[in-house]
Amino acid sequence: MTAPLLVLGMHGILVILAFFLRARPRAASLVSGIGLAGAAGFLLWGPIDEPFELFGIGVKLAPTWIVLGRQLTILGVNRAAVSFLLLVGAYLLTAAASAGTDRYFHMLALGALGFVASSLMIDPFIFAPLLLEFGVISGVMLLTTPRHPANRGALRLATLYTLAAMTILIAGWSLEVGGITGATPDLARRVAVLLGIGLAVVAAVPPFHIWLPDSAREAHPYAVAFVVILLQSAALFFLLRFLDSYTWLRETPEVHATLRWAALLTLILSSVLSLAQKRLVSLAAYVLLADLGATILAASIGASAGYQLALGLTAARVIGLAIWALGASILRAETAGSAVELRGAAQRSGLAAGVALLGVATLAGFPLTAGFPGRWALLGLLPEGDLIAPAILVGATAATSLAVIRWAYTLLKPQTAPSTERLSLPTLTRTFLYGGVVLCFAVGAFPQLLFPWVSQAAASFTTLVP
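Here is what the cut-offs are and how they apply
Residues numbered from 1 in each chain as written. Predicted model: local features only at pLDDT ≥ 70, side-chain atom pairs only at ≥ 80, totals over all residues. Heavy atoms only, no water. Salt bridge = Lys/Arg side-chain N within 4 Å of Asp/Glu carboxyl O. Helix = DSSP H or I, 4+ residues; strand = E, 2+ residues; numbered from the N terminus. Buried < 20%, exposed > 50% of the residue type's maximum accessible area, 1.4 Å probe, protein only. Pairing = 2+ DSSP bridges. Expected span 1.5 Å × (residues − 1). Arc of directions from axis to C-beta. Contact = heavy atoms within 4.5 Å. Phe/Tyr/Trp six-rings, centres within 6.5 Å; stacked < 30°, edge-to-face > 60°. Lys NZ or Arg CZ within 6 Å of the ring centre and 35° of its normal. Core = buried A, V, L, I, M, F, W, Y, C linked by side-chain atoms within 4.5 Å. Axes fitted to C-alpha atoms, helices over the stretch in contact; angles between N-to-C directions. Parallel < 35°, antiparallel > 145°, perpendicular 65-115°, else oblique. Left-handed = near helix turned anticlockwise from the far one by under 90°. Nonpolar A, V, L, I, M, F, W, Y, C, P; charged D, E, K, R; others polar.

Moving on to the pattern of salt bridges. If you walk through the whole model with that rule in mind, you get seven salt bridges. With its nearest N and O atoms 2.9 Å apart, the salt bridge here joins arginine 260 to aspartate 386. Here arginine 260, found in helix α11 (residues 253-274), pairs with aspartate 386, found in the loop between α16 (372-381) and α17 (388-412); they are 126 residues apart in sequence, far enough to count as distant. Here aspartate 386 falls in the buried class, since its relative accessible area comes to 14%. Through salt bridges that share partners, Arg152, Arg156, Asp214, Arg217 and Glu218 make up one connected network.

So, in structure tokens, the structure goes:
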């Protein structure tokens, strides 16, 4: 028995169970959440490549599974990355039923998660983009449902990620067979450009973000949150894996300089556009991009503390995006989500409106939320002589926070047509909403609950974090 076969086999069983439980979303959420949490726990603490006894029988799980000449490996870097994805999936799918998702959501979400996780396991890495493409196809089906049939964002997502898969495939093939080193600067530069374009598309770095605002307006908020979290997390692990594996790549100054300028431009563009949004879902999309810019800026530092912080920021983004999606899904069910329809929404459902706004505030790095400690730590890591990056980071945080405050005023305004009807929420939904609020403020007040634990995943990249 091999560890990848065991994990993917468990995952396949969850997909089948989710299909048969499609008419019972709460049961599907419970089974998916428990199953993914169990698989993640096995990867984190289970004995892989070490003998142990099971019912008196000696067992040893090999870390590698060979399929058609290709290797799927769970060891070191892959083990940390896949564990992170499974924990994120468990966190998101547990509350999916309360968000009113489509009945096939759990099955498709598990399928997308399985393909992306497999892309992080496969060796040679040149085949990873193909598995990632299958994950994107599942993501497109998550965004396009009978209730949300017209979705330009999903079509743009499919087109962009197909192009990204091609560029990463070409770059990966060149790295595998080209013998590229620092002694071949021209070829190395071309490969780095191809790789950078592919990863920029996967992470939705502007201008490759064009699918995100459309999807935020047209698709179910929870589906958008799941797809974004999955793909951006994969992009970060892809980047760290390439930097960890190729000395010439991490020692090329232009690589980190490019990451820095991409981060700063993302922060500027997203913060300016967030102030002009007339829909809460569109605001969340651009604030999310600003948070992505902060993550890229942390990775551009080129030090072990920067890579660890990038993973910590990604984990905090999961919390913010998940609670926004849950609150926004409830509001979306009764309004179209524009400023006019959401005026006075706090009077109809103060809990849902407050949680949705808290999620966006977390993405913006608002003080006391889960997103703030990472922004504060990032300011301390930036080089002392660099005045541009801290100014842009603080300015972007201030601009996105101002946009959140303006929307808080909109939600609290008196309704144009007063209504005494208040939205009644099921007990389980209220529990998840309150749980999201507690988790957000707990991590904001005590970041040691999350950041040191998540950043340990970076320790698997033994070259980047010695």
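Turning next to the pairing of strand β3 (residues 64-67). The sheet contact formed by β3 and strand β4 (residues 70-73) spans four bridges and is antiparallel. When the bridges of β4 are listed, threonine 64 appears paired with threonine 73. Once β3 ends, the chain turns through two residues before running back antiparallel as β4, passing leucine 68 with a positive phi of about 50 degrees.

As a further point, take helix α1 (residues 3-20). For an α-helix the count is 3.6 residues per turn, leaving residues at separations of three or four pointing the same way. Taking 1.5 Å per residue, 18 residues should reach 26 Å; α1 reaches 26 Å between its end C-alpha atoms and fits that length. By the burial criterion, the buried members of α1 are Ala3, Pro4, Val7, His11, Leu14 and Ala18. Viewed along the axis of α1, the buried residues span an arc of 105 degrees, placing them on a single side of the element. Its buried side turned inward, α1 meets α2 (25-45), β3, β4, α3 (77-94) and α4 (105-121).

Attention now goes to the packing of aromatic side chains. Counted by the stated rule, this structure contains six aromatic pairs. Both rings, one in phenylalanine 19 and one in phenylalanine 20, keep their centres 5.4 Å apart while their planes meet at 75 degrees; by these two values the pair is edge-to-face. Take phenylalanine 20: its relative accessible area is 62%, and that puts it in the exposed class. Through a chain of ring-to-ring contacts, the aromatic side chains of Phe105, Tyr222 and Phe226 assemble into a single cluster. Sitting over the ring of phenylalanine 19, arginine 22 keeps its end group 4.3 Å from the ring centre. Between the NZ or CZ atom of arginine 260 and the centre of the ring of tryptophan 261, over which it lies, the distance is 5.0 Å.

To continue, consider the pairing of β4. The sheet contact formed by β4 and strand β5 (residues 122-123) spans two bridges and is antiparallel. Looking at β5, one finds that glutamine 71 is bridged to aspartate 123.

This part takes up the nonpolar core. Ranked by internal contacts, the top residues of the largest apolar core, which has 159 residues, are Trp211, Phe226 and Trp324. It is helix α9 (residues 221-245) that contributes the most residues to this core, 19 residues altogether. For phenylalanine 226, the residues in contact, after removing those within four places along its chain, are Leu92, Leu93, Phe105, Ala109, Ala112, Leu113 and Leu142.

Omega for the peptide link from proline 206 to proline 207 comes to 10 degrees, which places this bond in the cis form. Note on placement: proline 207 falls in the loop between α7 (185-203) and α8 (211-218). Positive phi values are uncommon outside glycine, yet alanine 204 reaches one of about 65 degrees. Note that alanine 204 resides in the loop between α7 and α8. Even without being glycine, leucine 368 reaches a positive phi, approximately 80 degrees. Secondary-structure assignment places leucine 368 in the loop between α15 (350-364) and α16. Note on leucine 368: relative accessible area 59%, which makes it exposed.

Among the secondary structure elements, arginine 317 is positioned in helix α13 (residues 304-334). Residues arginine 317 and glycine 371 lie 54 residues apart in sequence; the distance between their C-alpha atoms is 7.0 Å.

With that settled, consider the packing of α11 against α17. Across the interface, α11 lies against α17 with an axial gap of 9 Å and an inter-helix angle of 25 degrees. One finds that α11 runs roughly parallel with respect to α17. Regarding α11 and α17, the two cross each other, and that crossing is left-handed. Where α11 abuts α17, its residues Arg260, Leu264, Leu267, Ile268, Ser271 and Ser274 lie against Ile388, Ala389, Ile392, Leu393, Ala396, Ala399, Thr400 and Ala403. Of the residues belonging to the contact of α11 with α17, the class tally is 10 nonpolar, three polar and one charged.

Let's shift gears to the sheet that holds β3. As a general point, the strands of a sheet are linked pairwise by backbone hydrogen bonds and lie either parallel or antiparallel. If you walk across this open sheet you meet the three strands as β3-β4-β5, and the pairing is antiparallel. Edge strands, defined here as strands with exactly one partner in the open sheet, are β3 and β5.

Here we take up the packing of helix α5 (residues 128-143) against α9. Packing of α5 against α9 leaves a shortest axis separation of 9 Å and a crossing angle of 165 degrees. The angle between α5 and α9 falls in the class roughly antiparallel. Seen along the crossing, α5 lies across α9 with a hand that is left-handed. Across the interface between the two elements, Ala128, Leu132, Val136, Gly139, Leu142 and Leu143 from α5 touch Ala223, Val224, Phe226, Val227, Leu231, Ala234 and Phe238 from α9.

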